[in-house]
Every structure is written in C-alpha cells, then in structure tokens.
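# Per-entry structural report
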Amino acid sequence: MTLDSLYQKIQSQQRLTPEEGLFVLKNAELLDLGGLANEIRFRKNPEPRVTFVIDTNPNYTNICNIDCIFCAFYRHPGEKGEYTYTVDQMLENFKRAAAQGVTTILLQGGVNPAIPFEYYIEMVQRTVKELPAVTPHFYSTSEIIGMSQVSGFTIPQVLQKLWNTGQRSIPGGGAEILSDRVKKKISHLKGTSADWLNVMREAHKIGFKSTATMMYGHLETDEDIVEHLESIRQLQDEHHGFTAFVPWSFKPGNTPLEKIIPHYATPTRYLQMLAFSRIYLDNFAHIQASWFS
Ligand code: SF4
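### Here's the deal with the pairing of strand β2 (residues 104-107)
Alternating positions in β2 separate into two faces, Thr104 and Leu106 on one and Ile105 and Leu107 on the other, with burial throughout. Summarising the sheet, strand β1 (residues 55-56) and β2 pair through two bridges and their orientation is parallel. The residue of β2 that forms the bridge with Asp55 is Thr104. The β-α-β motif built from β1, the intervening helix α4 (residues 87-99) and the parallel element β2 has right-handed crossover chirality. Pairing between β2 and strand β3 (residues 135-138): four bridges, direction parallel. Its bridge partner lying in β3, Leu106 is registered against His137.

Okay, here's the thing in structure tokens:
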C-alpha cells in the first residue's frame, strides 16, 4: 500500500477500505488531504457556495443520569444549578429566538427520567403549530432511548410518535466515538455504538433526516476514528438518512475527562478531520462546520 496509489484511488472515485483509510489518516500530509477533499467537495457541490442555518441550541433540562465523564453540563436531581423548564417556558424561548430570525431549533437536554413522554410530544406539537416556519431539530439518541424507557414504547414506536407529531429531523449528537473500547471509558452508561446506530437506523427507516457527529480529541486513536467513520458510512448506504457529518473536538474545561487526556486537539487536527472525513465518507453530500469546533 502506498500513498500515491491510494491518492489515485480517491481521485478515481473509488471507496477506501478501513485499512486504506487508516493508512491515509496516519501518513498523508495535511495539504495533500486538503487538496483531495477539495476536489471531492466541488464534485459533490459544484457551486462555490457555503450554506448555513440560523439556529439556536437551548436545553430544557440539565438533569441527567448518564454521567458522561466528558460532560460539563449535567447535574443530578437536587444538585445546585439543576433545572427543568416547562413546555411553556421553552416555547417562550423558541418564540424569542424566532423573532430574531432563527429557522432551526436544535433542542437537547440531559436524560431526565422524571420527565414523562407526553412532555416531549407536546414540545414538538406546539412548536410545529405555533412556529410553523421553524424546523424542530429535537432530541439526541440518548434522549430517545430515555423516552423509550420512561414510556415503555419501543424505539421505533417512540420515533413514529414523534414523526406523527410533525418532527422530521434529529440531531446527531451522542455518537462521540463509535468505538465501544472508548465508550466504555468516557460514557459507560450511555449504551453501545450499536445503540446509537440503531436509533439512527430506525429513524432513517421512518423517513427522518439526521446529522452524524463525532467528538474527537480525547482517548481515541486513529483506529477508533476510522471505525466511527466506517460505521456511519455503512449506515448511510442503507437509507441515506444523514444530511451531513459534523466533527468537533472535545472541550475539556470542568470535566473529569480533562484530567486523563494525553493532549488537547489542535486546529490542525480539526482540518485533518474535515478533510479525511470528506474523503472517507463518499456517500455524504455535506461536511458541516460547527461554531465550537
Ligand atoms: S447524556 Fe448528555 S447531558 Fe447526560 S452526561 Fe452525557 S453528554 Fe451530559
């Protein structure tokens, strides 16, 4: 295997195997990766145009029982600073944002077992009804699994009820790194890689669109990154439900994980992730930048 032969393979639009991808990730120069990624970007999206949405990222609760060690957000019930907002309070928040031009609301919270399933449904129902120009991009896979646990409905049933209420789009958060070796260390209560993929698969089957995310820059290796990208590439082949891939680096402040990571991710690593994912994810139309990447 040589870089030159793999570059030719990429330029002739052939798919890299995981072994080839790993070789490229470990050995390619950033400028070579960037050049190849740029060719693909213009092949897939010929217009020299970058699109964006004006969105807002509110949270309805910070109470969570999953205890991810990379998370600086969650609180346990009764802990100082915990909150859970009512649907009315969230709708007020959404309306203020919409008045300022927001067209998408990315809503996520902790996994709070005290919240009944009806709350989530009402949130969608009222958003669709009271803010018809806004796209509800609500609830990560962990929250959807949590809804299944509090309601007794299966994951497909939960998703179908959200769909019937008018939701069409799901955020790709909660994937972190789809390698169970890493997940066991950073989020052992959150479920396996297969759990995340399963919620996404069921959602895509119904017709939902979602993003796929990746949080790198902690305990993962290059092998884990390729495993992650391979998992979402395979799922994309099934239903083409992912609209975009969104990588971001771990933000260490105020987290237990901060104390055990070998080093912080650099801006160069971010550029490498953007370029490599563009090359490896040959069935994704878009790579999405994130304001906190
Ligand atoms: S599930 Fe979400 S809110 Fe809960 S600890 Fe993990 S990252 Fe934080």
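There's plenty left to go through after this.
### Points about the domain arrangement of the protein chain
Many structure descriptions define interface size as the accessible area lost when the parts assemble. Each assigned domain of the protein chain is listed here: domain 1 (1-49 + 210-253 + 266-293) and domain 2 (51-171). Just the C-alpha atoms count here: the centres of domain 1 and domain 2 sit 29 Å apart. Every contact between the two is made by seven residues of domain 1 and, on the other side, seven residues of domain 2. A combined buried area of about 520 Å² lies between domain 1 and domain 2, and 60% of that area is made up of carbon and sulfur atoms. Inspection of the domain 1/domain 2 interface yields zero salt bridges. Tallied by class, the residues present in the side of domain 1 that touches domain 2 amount to three nonpolar, three polar and one charged.

Calculation rules
- Numbering of residues starts from 1 in each chain and follows the order in which that chain's sequence is written.
- Selection of residues for local features in this predicted model requires a pLDDT of at least 70, selection of side-chain atom pairs for listing and counting requires 80 or more, and totals for whole chains, interfaces and linings are taken over all residues.
- Working from all heavy atoms in the structure, the side-chain values ignore hydrogens and water.
- Exposure classes here rest on a 1.4 Å probe applied to the protein chains alone. A residue is buried below 20% of its type maximum, exposed above 50%, and partly exposed in between.
- Put simply, DSSP marks the helices as runs of H or I at least four residues long and the strands as runs of E at least two long, and each gets a number from the N terminus on.
- Strand pairing requires that DSSP identify at least two bridges connecting the strands.
- Crossover handedness is defined here as right-handed if the route from the first strand over the helix to the second strand goes clockwise, with the strands pointing away from the viewer.
- Domain ranges listed in this record stem from an automatic or a database domain assignment.
- Here, two residues are considered to be in contact whenever any of their heavy atoms come within 4.5 Å of each other.
- As used here, buried area is the combined drop in accessible area, with a 1.4 Å probe, of two parts when they are placed together.
- Any carboxyl oxygen of Asp or Glu that lies within 4 Å of a side-chain nitrogen of Lys or Arg is treated as forming a salt bridge with it.
- The residue classification treats Ala, Val, Leu, Ile, Met, Phe, Trp, Tyr, Cys and Pro as nonpolar and Asp, Glu, Lys and Arg as charged. All others, Gly included, are polar.

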